[in-house]
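Structure assessment
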2 protein chains.
Amino acid sequence: MKLYSYWRSGTSYRVRIALAIKGASVEIVPVNLLDGAHKDESFLTRNPQGLVPTLELDDGTLLSQSPAIIEYLDETLPGPELLPEDPLQRAEARHLSALIGCDIHPLQNLRVLKYLQDPLGHNRDEAFAWAAHFIAAGFEALETLLSKADTPFAMGDAPGVVECYLLPQLYAARRFGTDLSAVPRLLAIEKAAADWPDITAAHPEQQIDAH
Amino acid sequence: MKLYSYWRSGTSYRVRIALAIKGASVEIVPVNLLDGAHKDESFLTRNPQGLVPTLELDDGTLLSQSPAIIEYLDETLPGPELLPEDPLQRAEARHLSALIGCDIHPLQNLRVLKYLQDPLGHNRDEAFAWAAHFIAAGFEALETLLSKADTPFAMGDAPGVVECYLLPQLYAARRFGTDLSAVPRLLAIEKAAADWPDITAAHPEQQIDAH
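Procedures and definitions
- Residues numbered from 1 in each chain as written.
- Chains lettered and ligands numbered in written order.
- Predicted model: local features only at pLDDT ≥ 70, side-chain atom pairs only at ≥ 80, totals over all residues.
- Heavy atoms only, no water.
- Helix = DSSP H or I, 4+ residues; strand = E, 2+ residues; numbered from the N terminus.
- Rg over C-alpha atoms; globule rule 2.2 N^0.38 Å.
- Buried < 20%, exposed > 50% of the residue type's maximum accessible area, 1.4 Å probe, protein only.
- Contact = heavy atoms within 4.5 Å.
- Lys, Arg positive; Asp, Glu negative; His and termini not counted.
- Charge placed at Lys NZ, Arg CZ, Asp CG, Glu CD.
- Pairing = 2+ DSSP bridges.
- Axes fitted to C-alpha atoms, helices over the stretch in contact; angles between N-to-C directions.
- Buried area = accessible area lost by both parts, 1.4 Å probe.
- Salt bridge = Lys/Arg side-chain N within 4 Å of Asp/Glu carboxyl O.
- Expected span 1.5 Å × (residues − 1).
- Polar contact = N/O pair within 3.5 Å; in protein donor to acceptor, adjacent residues only side chain to side chain.
- Phe/Tyr/Trp six-rings, centres within 6.5 Å; stacked < 30°, edge-to-face > 60°.
- Least-squares fit on C-alpha atoms with pLDDT ≥ 70 in both.
- Parallel < 35°, antiparallel > 145°, perpendicular 65-115°, else oblique.
- Left-handed = near helix turned anticlockwise from the far one by under 90°.
- Nonpolar A, V, L, I, M, F, W, Y, C, P; charged D, E, K, R; others polar.

So, the overall build of chain A
- Within chain A one finds nine helices and four strands.
- Taken over the C-alpha trace, chain A has a radius of gyration of 17 Å; the compact-globule value for 211 residues is 17 Å, and the two agree within 12%.
- Among the 211 residues that make up chain A, the fraction classed as buried is 55%.
- Within chain A, contacts between residues separated by at least 24 positions form 66% of all contacts whose residues are at least 6 apart in sequence.
- Separation between the mean location of the 17 positive side-chain charges and that of the 29 negative ones in chain A comes to 3 Å.

So this is what it looks like as structure tokens:
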């Protein structure tokens, strides 16, 4: 498999964590978003949205959108389960994931922050404050929801789908200067994940295209 | 089951369509977002994010986030399948759903348009132009992806999960004045769904709280 990925893209990072938990190997193909490589014709034929990540299976089949890729990996690969088996537990795992994937991340995506600057005329500080605002709002709810359990990870004793979303969102939160003092439970989960070498290897700054 | 819903909320509309396809009956409990009912303590105990939809099962269990609710309904209820059975087809259905759920809808959500106006100081027209911009960008990719097949619906001969996302997004697009002349395939799917009375009954303007 090949993963078209950008080192600092949160959604690429999610899929790298999912692959790490599954113990699956993948060839990383960097797509430089800052150079506009995602708008090249060669990439657009793989993904008409021009977004990373895109997973290319060995037979050339292309999968896009991190929530879809993560569920696919869980349905088809051996290894630890990303989602629990019980339907109510699965719904809770998807609830927490979607809270990040739909209500936080999209608002602090590179293309959105760029649009705030041009054409809307805001400066970088205002764009970062926007990102920090929506991250803080989502994290407040997430901290409440995750504090109901006292497990090392969000849904138990091992990392799973929620960590695929949470770790990249915490990484991004720091870039935007979000105050994380109000989310000790989120930070404790992040700390627990730091003991898992494969997950650590999925970190943006461990990527071949990091700079 | 009770569905905490707001008539014009796109994510509530998604779940109403999913329930309609499944043939499941549900009591609709309107939550008036304009009056701030979603920020009342009684609702926040049900959903700390203060967002609709929230599904309350007969035993009082609460499920939030439309992607999680829709997958739960598909995993537990009888009736037509919302997602295909084949893993690659499931990934494609989730890809198309997430394109709307993560890359379009969150950017034209009420709370986001409100923030553009206050504190960012944009007027209503500018906020609507923002919404229309991100809807058009997502729809362009969606039109390309959905045009690969010539089926009445996105994934075959019957509506499923993709229609749960698509119909509300088309409804919202019109509110924001998006030009839909470039998306004939999306409009053809919407037209096919109009022949399904249960889906038509899920429309915002058919809700008891519509005004």
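Structure's up, so let's keep going.
A few points about the sheet that holds strand S1 (residues 2-5) of chain A
All names here are of chain A.
- Reading across the sheet, the four strands line up as S2-S1-S3-S4 and stay open at both edges, with mixed pairing between neighbours. A single partner strand is all that each edge strand has here, and the edge strands are strand S2 (27-30) and strand S4 (62-64). On average, each strand axis in the sheet is inclined to that of its neighbour by 25°, with strand direction left out of account.
- Relative to S2, S1 is paired through four bridges, and the arrangement is parallel. Its bridge partner being in S2, leucine 3 is matched across the sheet by isoleucine 28.
- Where helix H3 (residues 66-76) meets the sheet, it contacts strand S3 (54-56) and S4, and its direction lies at approximately 120° from that of S4.

What to know about the interface of chain B and chain A
- Tallying the contact residues gives 40 residues for chain B and 40 residues for chain A.
- Approximately 3,800 Å² of surface area, both sides summed, lies buried where chain B meets chain A, with 69% of it carried by carbon and sulfur atoms.
- Contact with chain A buries surface across chain B, with Arg111(B), Tyr115(B) and Trp130(B) losing the most and accounting together for 14% of the total.
- On the surface where chain B and chain A come into contact, there are six salt bridges.
- Across the pair Arg90(A) and Glu75(B) runs a salt bridge whose closest N-O atoms are separated by 2.8 Å.

Notes on unusual backbone geometry
- Along the chain, Asp118(A) connects to Pro119(A) via a cis peptide bond; the corresponding omega equals 20°.
- Topologically, Pro119(A) is positioned in the loop between helix H5 (110-117) and helix H6 (124-146).
- A cis geometry characterises the amide bond from Val52(B) onward to Pro53(B), with omega recorded as 0°.
- With respect to the helices, strands and loops of the structure, Pro53(B) is situated in the loop between helix H2 (41-44) and strand S3 (54-56).
- For Gln65(A), which is not a glycine, the phi torsion comes out positive at approximately 75°.
- Relative to the helices and strands, Gln65(A) is located in the loop between S4 and H3.

Focus: helix H6 (residues 124-146) of chain B
- Spanning 23 residues, H6(B) covers 32 Å between terminal C-alpha atoms, matching the ideal 33 Å at 1.5 Å per step.
- The N-terminus of H6(B) is capped by Asn123(B), whose side-chain oxygen sits 3.1 Å from the backbone nitrogen of Asp125(B).

Details of the environment of Leu146(B)
Residue and element names in this part refer to chain B.
- With respect to the helices and strands, leucine 146 occurs in helix H6.
- According to the relative accessible area criterion, leucine 146 is buried, its value standing at 3%.
- Along the backbone, leucine 146 and glutamate 71 are 75 residues apart, and their C-alpha atoms lie at a distance of 21 Å.
- When neighbours within four sequence positions are excluded, leucine 146 is seen to be in contact with Leu96, Ala154, Arg185, Leu186 and Ile189.

Regarding the packing of aromatic side chains
All names here are of chain B.
- Using the criterion set out here, one finds 17 aromatic pairs over all chains in the structure.
- Between tyrosine 13 and tyrosine 171, the ring centres sit 6.2 Å apart and the planes meet at 90°, which makes this aromatic pair edge-to-face. With tyrosine 13 in helix H1 (residues 10-22) and tyrosine 171 in helix H7 (residues 161-175), this pair connects stretches of sequence that are 158 residues apart.
- Overall, the relative accessible area of 4% leaves tyrosine 13 in the buried class.
- Geometrically, the ring pair formed by phenylalanine 153 and tryptophan 196 is edge-to-face, given 5.8 Å between the ring centres and 90° between the ring planes. Taken together, the positions of phenylalanine 153 in the loop between H6 and H7 and tryptophan 196 in the loop between helix H8 (184-193) and helix H9 (197-201) put the pair 43 residues apart, joining distant regions of the chain.

A look at the relation of the copies chain B and chain A
- Between chain B and chain A, the superposition needs a rotation of 180° and an axial shift of 0.0 Å, giving an RMSD of 0.0 Å. Such values leave the two copies arranged in the relation of a two-fold axis. The C-alpha atom lying nearest the rotation axis in chain B is that of Cys102(B); the distance is 2.4 Å.
- Comparing interface residues between copies, 100% of those in chain B also sit at the interface in chain A, which points to an isologous, same-surface contact.

Side note on the packing of H6(B) against H7(B)
Residue and element names in this part refer to chain B.
- Between H6 and H7, whose axes approach to 10 Å, the crossing angle comes to 140°. The angle between H6 and H7 places the two elements in the oblique class. H7 is crossed by H6, and the crossing has left-handed handedness. Mapping the contact onto sequence places Phe128, Ile135, Phe139 and Leu142 in H6 and Leu166, Gln169, Leu170, Ala173 and Arg175 in H7.
- Considering only residue class, the contact of H6 with H7 consists of seven nonpolar, one polar and one charged.

Remarks on the packing of H1(B) against H7(B)
Residues and elements named next belong to chain B.
- Where H1 contacts H7, the axes come no closer than 8 Å and their chain directions differ by 140°. Of the possible angle classes, the one that applies to H1 and H7 is oblique. The two elements H1 and H7 meet at a crossing, and its hand is right-handed. On the side of H1, the interface is formed by Gly10, Tyr13, Arg14, Ile17, Ala18 and Ile21, while H7 contributes Glu163, Cys164, Tyr165, Leu167, Pro168 and Tyr171.
- In terms of residue class, the contact of H1 with H7 is built from nine nonpolar, one polar and two charged.

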